[in-house]
Structure formats: structure tokens, C-alpha cells
Protein chains: 2
Amino acid sequence: MKPFNIAIVGCGTVGGGAAKIITEINESLTSRSGRLINLSKIVELNPPVAIERFGLPGKLFCGGGKVITPQEAGKYIDEILNDPSIHLVVETVGGTSNFVHDLCVNICKSGKHLVSANKALLAERGQEIFNTAEKSNVSIGFEAAVCGAIPIIKTIKESFTGDEIISVSGILNGTSNYILSRMLDEDLGFGQALKLAQEAGYAEADPTLDISGGDAAHKLIILMKLVFGIDVTMEQLKFQGIQNISADDMEYAKEIDAAFKLICYAKRDGDKVYGTVCPMMVKNDNFLSGVKGATNAVRTINRYSGKHILIGAGAGSLETASSIVADIMFIARYSDKIKNTQLSNKLEFKGLSHFTFPFVITFTTEDRPGITGLVTTEIGKQDVNIYTVSHNRHIKDGAVFSVETQPCTLKQINAAIKEIKASGILKTEPKIYPILF
Amino acid sequence: MKPFNIAIVGCGTVGGGAAKIITEINESLTSRSGRLINLSKIVELNPPVAIERFGLPGKLFCGGGKVITPQEAGKYIDEILNDPSIHLVVETVGGTSNFVHDLCVNICKSGKHLVSANKALLAERGQEIFNTAEKSNVSIGFEAAVCGAIPIIKTIKESFTGDEIISVSGILNGTSNYILSRMLDEDLGFGQALKLAQEAGYAEADPTLDISGGDAAHKLIILMKLVFGIDVTMEQLKFQGIQNISADDMEYAKEIDAAFKLICYAKRDGDKVYGTVCPMMVKNDNFLSGVKGATNAVRTINRYSGKHILIGAGAGSLETASSIVADIMFIARYSDKIKNTQLSNKLEFKGLSHFTFPFVITFTTEDRPGITGLVTTEIGKQDVNIYTVSHNRHIKDGAVFSVETQPCTLKQINAAIKEIKASGILKTEPKIYPILF
């Protein structure tokens, strides 16, 4: 049986998990793929930690299992890139540094397949890597980069091929979802819930990338490239996080039979692709509203086969590693037949302000007669139909109420808000959230 | 570009849908697969109906689009089997007749790939077909045979390859789920809900195969073959339908925060595979309990990546057809690399009576003091822990109550019931349902 030789660079949470799976179920991997799946080498600065955590043999590590310097690691990587017997390199270093960028480019350049879980790198600096893979005729596996264990990448590339995807949306950041779930279930404020998420290990000490929507944006950028063939930058994709969701917002979502979720959403309409990452009020009869904790979920709506939902673990060592190993298996079996993602020149990207969506707008105003009339009249003047006005709360010196609209654009809403502001009745900036059915 | 030539035999609901998709998005199929996807020929007894329903050109049909006799159809099929330019044949005739069995065997024998949506045939008489495909080195695509549009077959074969599936369960029959959903939401009896399902087109005039669990059993047999590599017959897999679920049963499910679902369930434990199809009370925090109407859902629990759920359309013309076309695409791209499903000799199948599961047992007894003590004492004697006893309803001349057990086997429960029966207090046969968490 022909061997398929693998090297792993970076043996932390995900890389180590992959090494563990490959060694632990090697026989069944080999029998399923028809190739001798062989983990040849691991490059890692601190092997003792990985050996202890994942129960790996020291001899797999370049340097024999001892701590090595970055210079030594660089030398071992060069050896791997120049070793014609290595077929595939797993990059699980992480980050968007020049070092990791150049590593991925060089893996492809050396004619080796690349498997990576690095969503930030592929979303922000992926272009040269994908181009090099295309030129060198090698495959890039990145199942682990989007939603950990959920096989959404292969489902799109290999299962929805007899169909056309119209929209893709989902809960792609487990940390945010964990925080929102605890806020909802236990009536906590954002700060309290974040603290609990950090204590439970679901949020980093610096949680910015997760709660700002940045991590979710990376994943949506990769999905939009795959589904619609367009390259969207982080600047174009105006993303918004969950930091400003208040207990009052949560309360109102409950009232309209919805739950707050940090939603990634992209939809094709003719030659345009609309995409955004922002908190939405997701109606309870949409499965996404029931996805709790750190779980991820992706929904696609397809032209012929309608609605699909995939739910699974969005993170975790072995969970994400299983996707890495699945990519290795697929490349081992089909490498010379795999087509890389094609870019399309036909489609144009549009941000949230161009969407047509139903929205909830929450106003904090003076508390006196005539205010509701003034606000709803201005909204009506912009040709926006109001679905319902509700949740009047009288606070100290003011009132809070929410308006649910029929589908309209943010442009229309902003025009109405401009007029309302001019009247001087607003006490704070209105909050605007889309509603997802 | 090398063409990939396809023939379709049987142009009804699913075959016609596949023909429509292939003609309608041909350009994008061709660009995605790197082969010229070419629908060469369709064999159908009554082309005018298919032409009208799916907007297909008459010239695609053998005989030019006119009604043909079965003899003529046989002649056209022989021509296709002898035509070296045809790469793949789609069988969408349906049924388990000798005709369709031999057709599938002959397609494989002639060296052509086979794509089929025929779950009954593959589950009941698939062996010779799979063996012939293996010998002739051709692929069988059967994504459309299990859960219509849900890509569960390819997910198992190509995405969960870096992992080991421990259990697979799901709602695999849309008709039963539609009936149960209406019973639950509108407090209807089984008969009323069945009638509504027939009126809405979700149940056949003769609904036996759907409501008896037979159709779901076909799908579970195919999944068990794929996941565990074992061949299970319909006789071995004792399946049970939804006909005997009463309004009282539904009521009790609600009380314990559960919903009745017709569940297919298979689980590997060491060298044994436990499998069954029967109504279960599914706890509301299991996603399957929220799957409503004719939708299907599959849940797997994997060794490394944990729980996965796929939800989507379980039936429908274009929905199921999209899975047929996805199979065509996969075979067009990867045909010489695809490995057919391997049988394992290592695993032994066990039916429901060997499972360890929590159960609900509902007793209808005489209405007098001491009965609850007698029943629960007998259950305790079999070493079964009781979780709760509840829902006492006093009916004319009797009482109804339910006992929820901790995990135990049906054998233990049946032993207890034997003793309880001997005491003469039972008015009817107890009802026993597993609980799915």
C-alpha cells in the first residue's frame, strides 16, 4: 500500500489533537483511505507539553522530543519542505504573522498539500496562499477553519454540488453564543456573562476577537469565498459584536418570540452578494434560536433542496482536529482530482446597509404624549411599514420603546432616525437589530 | 473537456427532478465538475407527463417523447447498457421488483456507475447490487435514498473519516413526523392526523410503509451498513410504527418535557451494534424533539468530535433530485478513486430487547389502593431503578399511570410485567416506549 506521509507544524491544541487521532486510529484511517496514513514528523517548540497532553511518542518530534529554538524549528521546516517523501503539511501554528503566511505559501510552493485550521490567516491574507496552491496544483484543506467539527466546507464543496446555494447564515462563534445563552437563561448582564465564560474556559483573557464579531467575520469571509467565489475584506464586511446588547434588548427579544444571536449572514441576489456579521433577533421557529452554549450551527437555503441546517461542536481540541484528519483523508484519496475554490468575477459584495430585512429599532425618548406618533410618522414617511410598536418602559425622565418593521433597508431607517433626531426628543442613539426568521 | 454521459431510467417525481436540474444548471455543473455533464437519454413509459411537469425537451426521451411500451423500454435499456459512451445510469423506477433489481445489477455489470434513490431495493435486496459494483469496479451513489436532500451519506463517507461514529439516530420518515407533529400541536388523535396528512399530500392513500416504520427501517438498514459495515435484514431489525400512539401517550410525553418521534437508532458498543426503529419520547433539549412536519433530521455521536445534527428536507421532487445530481457530480469527478462501502465481519447486530435505555411504561389497572406499590415493587425486584411515577388518571373502572425508569433492558421490564400480569390487576397490555435524551 502506497504511504501518504504527513508533517505537522505546531503541536498545540488542534495540531496535537490531530496527531493523537492519527496515531490512535491509524489502522482504520489507512483501511478507509486505501493509503498508509503515516505521520512522519512534528515540528514544535515545546514537545514535552504536547507529549504529555496528547500521549504522543517523542520520536515523532524533530529534535527527538526536546525543547527546540525557533532557529532549529526553521531548519526542520526547511528539511520538511525539501523532503520529497512528505505529501502533506498540517499548519497549526495559528496567527497571521509573516512567518505563518510564508510557511503556508512555501508548503504549497514545494508541491505539498496544505491543511490548516487558521481562519484569520485564510480570511485576511489567504489570497497568495490560494493562488500558490492553484499554480502548484496542490490542495488546501480548511475544514477545521470554519466551525470546528461541523463539516460545512466539504458539504458545500462536495454535497451541495447538484444545487445552488442562495444564502448561508449561522452561529459561527461559540464564545459569543455561550455568553448570549447565559444572558438569556439567567437574566445576566453582558459583563457578568463574559466573566462566567472566561471562568468556564469559553472566552480568552482578551476576548476582543470573539465578542467583537471579528472571529465570526473571518469564518463568513471564508464561506463567502467558497459559496459565492468572492473575496471580501474585513473592512468591506462591516461586522458588529455583542458588547452592546443590554438586558432590555434581551427582554424585548423574548417578547417577540426571539433570541439574540450573533449571526453571520450572506445572501446572493442576482449579481450581488449581501453579507454581514451582527447581533440579530432570531425568531424561535428558526432552529438557530435554539442553539445554546458554545455550539455552532450553519444554515443554508438552496435553490432546489431548500433549507439545510448543520449543528455541531464549533471548537475544542479533538473536535477541530477531527476535521483536520478528515481533510487529510480526503486529500490522500482524491488529491489529483480535487478542484480548488474558484473565484467569480461576476458578483459584487454589498454590506448590511443595502440589505432588505425586517428590523427592530429601540428608542429612548422623553416621556410625554405625542412621542410615539412623531416617531412612527417619521418611519412611515420613509415608506417603511411598521409591524408592531411595543414594550413601552417608563424610566426615570424618559421612555423606552421598540418598533418592529416590515422588511426595509437601513438607509430608509437611518433617514427616519435623522428626522427624529432633529426633533430633539431622543435621549440616546437608537439601537437597530435585524430580525432573522 | 471530456464529457460525462448520463442516462436516466424512470422519469417520475425524482428522476424528472434530476433531469430538470441537470438541464437547468448545466453550465455550472460542468464548470464545477470539470467534466461536460451531459444528459444523453431518458427511458420513460409516459414521456408526455414528464415533459409537461419538468419542462424537458422531448428529444431527450428514447422514442422521441411518445408513450412507449414496456417491451420498447426494455429494448432502449439494453441499448443503453451496451452503449460504451454512457458512463452512469440513474435508476429512478422504484420498488423492489425483479425487473428493477436486475436492472441495477446489469447497470453495474455493464461497467456503468449507478445512482439510485431506491431505499427499499438497496435495503432489502442490495447485496447482489453492491457485490456486482465492487466486482465491476463501479460506484453506487445512494445519497437520495436516505433523507432526501440531507447529505448524510456523503457526510459519513467523506467527512466523518477522521473520526469514528458511535451512534446514529434520527427522524427518517417525514410522513410519520408530520402526523406526530399535528397530533402534538393540535391535540388530534392518530386517525384525524393521518387524514390531514393524506389531504396535504404527505401520506399515500395506502400509508402502511410510512406509518409502520418500514420506510424508516429501510433507511436505518442502509445507514447501519454504511456506518458499521453490517448487513441487517428487515426481519432482524424489529421495527415498530406510530399507529398505537394515543392522545394520552402524547400528553404524558409533554408532562416529562418530551415529544413523541419515530426514531431510528443504532449504536455500536464493543463488537455489537444495537439498532431499532420505534416511537420514542424525545426530551425537549434534544434537537430532534423540535424537528416538525415532514422535515428529517439525523444525529450522530462521534468518538472525537461529539454530537452532530443535520436537518433538511426528507422528501420532495427537486429536494431528492438535488442529491441524485450531487452523486453524479461526485462520481464524475472522483469515480476512479471512490471506495465502495466495506462490510465488516467483526460486528454483530442486536435488536431493541438487548438495549440499555431509559423507558416509560404505561399501565392501565384496577383503581384501588395498593396497585402502585405492587407495580413498582415488581419493577424494583428486577433491579430496575425507577426515576419517577406519575400521571395518574382515574378512568371508568380503572386507573392509568406511567413509570419512568433509569436505563435498563427490555428483558428486565418484560420480566417485571410478567409478574404484574400474574397478579391479575392489568386491564390492558402495558405500553413501553424508550426515552431519548
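Residues numbered from 1 in each chain as written. Chains lettered and ligands numbered in written order. Predicted model: local features only at pLDDT ≥ 70, side-chain atom pairs only at ≥ 80, totals over all residues. Heavy atoms only, no water.

1. Regarding the packing of aromatic side chains
What counts is decided by this rule: Centres within 6.5 Å make a pair out of two Phe, Tyr or Trp rings, where for Trp the six-membered ring is used; the pair is then stacked when the planes are under 30 degrees apart, edge-to-face when over 60, and tilted otherwise. In this description a helix means any DSSP run of H or I spanning at least four residues, a strand means any run of E spanning at least two, and both kinds are numbered starting from the N terminus. Think of it in three bands: residues with accessible area under 20% of the maximum for their type are buried, residues over 50% are exposed, and the middle band is partly exposed, with areas taken using a 1.4 Å probe on protein chains only. The rule for a charge over a ring is simple: NZ of Lys or CZ of Arg within 6 Å of the ring centre, and within 35 degrees of the ring normal.
Per the counting criterion, the structure on display carries 25 aromatic pairs over all chains. Relative to Tyr-334 of chain B, the ring of Phe-330 of chain B has its centre 4.6 Å away and its plane inclined at 55°; by these criteria the two rings are tilted. A residue pair is termed a helical-turn pair when its members lie 3 or 4 positions apart in one helix, as Phe-330 of chain B and Tyr-334 of chain B do in helix 14 (residues 317-334) at four residues. Tyr-334 of chain B matches Phe-330 of chain B in its accessibility class, with the two residues each being buried. An aromatic cluster is built from Tyr-265, Tyr-274, Phe-355, Phe-357 and Phe-359 of chain A, whose rings are joined through pairwise contacts. Residue placement shows Lys-75 of chain A over the ring face of Tyr-76 of chain A; its charged tip is 4.7 Å from the ring centre.

2. Overview of the packing of helix 14 (residues 317-334) of chain A against helix 8 (residues 152-159) of chain B
The line we're drawing: Here, axes are lines fitted to C-alpha atoms. For helices the fit covers the stretch in contact, and angles between N-to-C directions go from 0 to 180 degrees. Any angle from 65 to 115 degrees is called roughly perpendicular, while one under 35 is roughly parallel, one over 145 is roughly antiparallel, and all others are oblique. Contacts are assigned to residue pairs with any non-hydrogen atoms lying within 4.5 Å of each other. Residue type decides the class: Asp, Glu, Lys and Arg count as charged, Ala, Val, Leu, Ile, Met, Phe, Trp, Tyr, Cys and Pro as nonpolar, and the leftover types, Gly among them, as polar.
Taken N-terminus to C-terminus, the directions of helix 14 of chain A and helix 8 of chain B make an angle of 85°; their axes are 9 Å apart at the nearest point. If you check the angle between helix 14 of chain A and helix 8 of chain B, you find them roughly perpendicular. Across the interface between the two elements, Ala-326, Phe-330, Arg-333 and Tyr-334 of chain A from helix 14 of chain A touch Lys-157, Glu-158 and Ser-159 of chain B from helix 8 of chain B. Residues belonging to the contact of helix 14 of chain A with helix 8 of chain B are distributed by class as follows: three nonpolar, one polar and three charged.

3. A few points about the nonpolar core
Convention followed: Here, nonpolar core refers to any group of buried Ala, Val, Leu, Ile, Met, Phe, Trp, Tyr and Cys residues whose side-chain atoms link them within 4.5 Å.
Within the largest apolar cluster, 174 residues are counted, with the highest numbers of intra-cluster contacts made by Met-224 of chain A together with Met-224 of chain B. Apart from residues lying up to four places away in sequence, Met-224 of chain B is in contact with Gly-229, Ile-230, Val-232, Leu-237, Ala-266, Val-273, Gly-275 and Phe-349 of chain B. Core analysis: the second largest hydrophobic core is formed by 70 residues, Leu-56 and Val-325 of chain A together with Ile-6 and Leu-56 of chain B among them.

4. A short note on the domain arrangement of chain A
All names here are of chain A. This is how the line gets drawn: The domain boundaries here were taken from an automatic or database domain assignment. Accessible-area loss on putting two parts together, using a 1.4 Å probe and summing over both, is the definition of buried area adopted here.
Examined at the domain level, chain A breaks down into domain 1 (3-141), domain 2 (153-314 + 347-352) and domain 3 (356-436). For domain 2 and domain 3, the distance between their C-alpha centres works out to 25 Å. Taken together, the contact pairs 22 residues of domain 2 with 14 residues of domain 3. Each partner contributes to the roughly 1600 Å² buried at the junction of domain 2 and domain 3, and carbon and sulfur atoms together form 62% of this total. Among the residues of domain 2 in contact with domain 3, Tyr-252, Met-281 and Leu-352 are the three that bury the most area, contributing 34% of the side total.

5. Description of the side chain of Thr-155 of chain A
Within the element layout of this structure, Thr-155 of chain A appears in helix 8 (residues 152-159). You can call Thr-155 of chain A buried: its relative accessible area is 1%.

6. Brief notes about the environment of Ile-21 of chain A
Within the secondary structure, Ile-21 of chain A sits in helix 1 (residues 13-24). Excluding its chain neighbours within four sequence positions, the residues that come into contact with Ile-21 of chain A are Asn-26, Leu-29, Leu-318, Ala-321, Ser-322 and Val-325 of chain A together with Gly-162 and Tyr-304 of chain B.

7. Some remarks on the pattern of salt bridges
Using the following cut-off: For this analysis, a salt bridge means a side-chain nitrogen from Lys or Arg found within 4 Å of a carboxyl oxygen belonging to Asp or Glu.
One pass over the structure, following the stated rule, counts 42 salt bridges over all chains. Lys-219 of chain A is the salt-bridge partner of Asp-215 of chain A, the closest N and O atoms lying 2.8 Å from each other. Remark: Lys-219 of chain A and Asp-215 of chain A occur in helix 12 (residues 214-228); sequence separation between them is four residues, near one turn of the helix. We note that Asp-215 of chain A, like Lys-219 of chain A, is buried. Note that Glu-186 of chain B is salt-bridged to Arg-182 of chain B, the shortest N-O span being 3.1 Å. Taken as a pair, Glu-186 of chain B and Arg-182 of chain B lie in helix 9 (residues 174-186) at a separation of four residues, close to a single helical turn. A single network of salt bridges, built from pairs that share partners, joins Lys-20 and Glu-24 of chain A together with Glu-164 and Arg-303 of chain B.

8. A short note on the sheet that holds strand 3 (residues 88-91) of chain A
Residues and elements named next belong to chain A. For the record, the criterion: Note on pairing: two strands pair once DSSP finds at least 2 bridges between them.
Judged by pairing direction, the sheet is parallel, and its five strands sit side by side in the order 2-1-3-4-5 without closing on themselves. The sheet terminates laterally at strand 2 (36-43) and strand 5 (140-141), the two strands that pair on one side only. Sheet topology places strand 1 (residues 3-9) next to strand 3; four bridges connect them, and they run parallel. Pairing of Ala-7 across the sheet is with Val-89, part of strand 3. Those strands touched by helix 14 are strand 1, strand 2, strand 3, strand 4 (113-116) and strand 5, and its axis lies near 160° from that of strand 4.

9. Remarks on the sheet that holds strand 5 (residues 140-141) of chain B
Within a sheet, neighbouring strands are paired by backbone hydrogen bonds and run either parallel or antiparallel to one another. All names here are of chain B. The strand order across the open sheet formed by five strands is 2-1-3-4-5, and the pairing between neighbours is parallel. Either end of the sheet is taken by a strand with one partner, and the two such strands are strand 2 (36-43) and strand 5. Relative to strand 2, helix 1 (residues 13-24) is tilted by about 145°, and along the sheet it contacts strand 1 (3-9) and strand 2. Lying on the sheet, helix 4 (residues 70-81) is in contact with strand 1, strand 2 and strand 3 (88-91); it crosses strand 2 at an angle near 150°.

10. Some words on helix 2 (residues 26-33) of chain A
All names here are of chain A. Keep this limit in mind: Throughout, the arc means the angular range of directions from the helix axis out to the C-beta atoms.
Taken residue by residue, helix 2 has Leu-29, Thr-30 and Ser-33 as its buried positions. Along helix 2, the residues classed as buried sweep out an arc of 95° about the axis, all on the same side. A positive backbone phi angle near 75° is found at Gly-34, which sits one or two residues after helix 2.

11. Some words on the relation of the copies chain B and chain A
As a reminder of what qualifies: Superposing the copies works by least squares over the C-alpha atoms of residues that have pLDDT at least 70 in both of them.
Superposition of chain B onto chain A requires a rotation of 180° combined with a translation of 0.0 Å along the rotation axis, giving an RMSD of 0.0 Å. Considering both components of the superposition, the chain copies are consistent with a two-fold axis. When C-alpha positions in chain B are compared against the rotation axis, the closest is assigned to Leu-310 of chain B, at 2.3 Å. Mapped onto chain A, 100% of the interface residues of chain B are again interface residues, and the two copies thus contact each other with one and the same surface.

12. Some words on helix 9 (residues 174-186) of chain A
Structural remark: α-helix, 3.6 residues per turn; residues separated by three or four positions point the same way. All names here are of chain A. To keep things clear, this is the line we draw: Expected helix span is computed as 1.5 Å times (number of residues minus one). Counting of polar contacts relies on pairs of N or O atoms within 3.5 Å, with two restrictions inside protein: one atom must be capable of donating a hydrogen and the other of accepting it, and residues adjacent in sequence are counted only when both atoms are side-chain atoms.
Over its 13 residues, helix 9 extends 18 Å from the first C-alpha to the last, a length consistent with the 18 Å expected when each residue adds 1.5 Å. Extensive coverage of helix 9 is indicated by the burial of ten of its 13 residues. Regarding helix 9, its N-cap is Asn-173, as a side-chain oxygen of that residue lies 3.3 Å from the backbone nitrogen of Thr-175 further along. Just downstream of helix 9, Asp-187 is the residue with a positive phi angle, here 50°.

13. Overview of the side chain of Lys-261 of chain B
Residues and elements named next belong to chain B. Basically, it comes down to this: All tallies of charge rest on Lys and Arg as positive and Asp and Glu as negative; His and the ends of each chain are not included.
Inspection of the secondary structure puts Lys-261 in strand 7 (residues 258-269). Buried charged residue Lys-261 carries no salt bridge. Nearest counter-charge: Asp-185, at 7.9 Å. Here Asn-177 takes part through its side chain, which lies 3.2 Å from a polar atom of the side chain of Lys-261.

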